[in-house]
Amino acid sequence: MNTLRSATIVVLLLLLAPASPVSAQQVDVTVLVNYEAIPTTNKDLLRDFENDVKTYLNNYNWGPGSPGDKVKCTVNVFFQSVIGDNRYSAQVFIGSQREIYKSAQSTAVVRLFDGLWEFTYMKTRPLNHNPNTYDDLTSFLDFYMYLVMGYDFDTYERLSGTPLFQRAADVASQGRSTGEKGWQPATSGYSRAQLIDELMSTTFQPVRAASWYYHFAGLDSLALNRDRATKNILYAVQLIADAKKNADPRNVVIKSFFEAKAKELAEVFADYPDPSVFTFFASVDPNHQQVWDEARNRRK
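Residues numbered from 1 in each chain as written. Predicted model: local features only at pLDDT ≥ 70, side-chain atom pairs only at ≥ 80, totals over all residues. Heavy atoms only, no water.

Quick notes on the overall build of the chain
Worth spelling out the cut-off: Every helix listed is a DSSP run of H or I at least four residues long, and every strand listed is a run of E at least two residues long, numbered separately from the N terminus. In this treatment the radius of gyration is a C-alpha quantity, and the globule benchmark scales as 2.2 Å times the residue count to the 0.38 power. Think of it in three bands: with a 1.4 Å probe and only protein chains considered, a residue is buried below 20% of the maximum accessible area for its type, exposed above 50%, and partly exposed in between. For this analysis, residues touch if any pair of their heavy atoms sits within 4.5 Å. For accessible areas, the Shrake-Rupley method is used with a probe of radius 1.4 Å. Any residue's cover is judged against the shown protein chains and nothing else.
Regarding its fold elements, the chain presents 11 helices and 4 strands. A compact globule built from 300 residues should have a C-alpha radius of gyration of about 19 Å, and the chain, at 20 Å, falls within 12% of that. Expressed as lengths along the three principal axes of its C-alpha atoms, the size of the chain is roughly 65 × 40 × 35 Å. Burial analysis of the chain (300 residues in total) assigns 50% to the buried set. Contacts in the chain between residues at least 24 apart in sequence constitute 70% of all its contacts with a sequence separation of at least 6. Working note: accessible area of the chain is about 14,000 Å², and carbon and sulfur atoms make up 49% of it.

Written out as structure tokens, the structure is:
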């Protein structure tokens, strides 16, 4: 496939200037909480939980202003059970998105599902940010906000999210030292420890660099030079393919990339002249084989 091969081995520079950076509140978080699994007697104790979490996330200064507009983020909390006095277990979805340059559309940047959060919440105790002290509720929130910010920064400038990821790593280190669930390395499935270790690893730096090619040099350029943009997106996927050769098959970073991007890739390349591009995508991301097959079949 000559078109794809040439696109994936040539680094193309992008001739566009992004919208001017703005100094703004870094995050705009929507918090949704599902209490259905909690006994009625406990629900009153949690009536302020959603608002407390939303206020905590939106009012704290998480670092330098985002290169783009404030980062839009969704945090969906699904309470699972009451495991002690004022202590709960929950599953959480964390998603973020950013606008595409000169487009009315947005693109998903992060889509993560954490199935193992145990924490203490008391409606009479305010949520305070203290980076020097581990707290099973606020440290969890801190970790994911630093991740969201780091991922967002990487889309605008290669590896510029490193300082934010380092803050997340510091939080994870505190959590790991407590021995609490969710912070420990896992032999299978998702774990916070594995995700941040991979993001800080040189093995996965090409995946983080690919985020810039995909977003800034790719999606942001579609309206200006579609051919150049699609070549940069293909180069991003090739970077991930190369990194995958040296990565543990159980990795989280590559899988999470395609969890956010598979359907979008299929749409961007719906009219691409070489349909074998979907075979290439499937070779890098077999977990979304159905997406690639459906995109290929729509061309017939």
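Description of empty space enclosed by the protein
For clarity, the cut-off: Throughout, the protein atoms alone are placed on a 1 Å grid, and a set of points is a cavity if a 1.4 Å probe fits but cannot get out or a pocket if it is open with protein on both sides within 12 Å along at least five of seven lines; lining residues have an atom within 4 Å of a point. Grid points are joined across faces, edges and corners, and a volume is the space filled by probe spheres set on the points. Throughout this entry, Asp, Glu, Lys and Arg are counted as charged residues, while Ala, Val, Leu, Ile, Met, Phe, Trp, Tyr, Cys and Pro are counted as nonpolar. The remaining residues, Gly among them, count as polar.
Tallied over the entire structure, the rule returns 2 cavities of 30 Å³ or more. Residue lining of the largest cavity: 16 residues in total, with Val109, Tyr151, Ser211, Val253 and Phe257 positioned closest to the centre. When grouped by side-chain class, the residues that make up the lining of the largest cavity number 9 nonpolar, 3 polar and 4 charged. Empty space within the second largest cavity amounts to approximately 40 Å³. Taken together, Leu57, Val75, Val92, Ile94, Phe140, Leu141, Tyr144 and Met145 form the lining of the second largest cavity. Elements that contribute at least two residues to the lining of the second largest cavity include exactly strand E3 (87-99) and helix H4 (138-156). If one sorts the elements of the lining of the second largest cavity by residue count, H4 sits on top with 4 residues. Grouping the constituent residues of the lining of the second largest cavity by class yields 8 nonpolar, no polar and no charged.

Some remarks on the pattern of salt bridges
Definition in use: Basic side-chain nitrogens of Lys or Arg form a salt bridge, by our definition, when they fall within 4 Å of a carboxyl oxygen of Asp or Glu.
Taken as a whole and judged by the stated rule, the model has 14 salt bridges. Across the pair Arg192 and Asp114 runs a salt bridge whose closest N-O atoms are separated by 2.6 Å. In this pair, Arg192 is assigned in helix H6 (residues 192-199) and Asp114 in strand E4 (residues 106-120), connecting sequence segments 78 residues apart. Judged by its relative accessible area of 2%, Arg192 falls in the buried class. Between Asp248 and Arg250 there is a salt bridge; the shortest N-O distance is 2.8 Å. Each of the salt bridges in this network shares a partner with another, and the network as a whole consists of Asp44, Arg47 and Lys123.

Bear in mind that shape data such as this cannot, by itself, settle questions of function.
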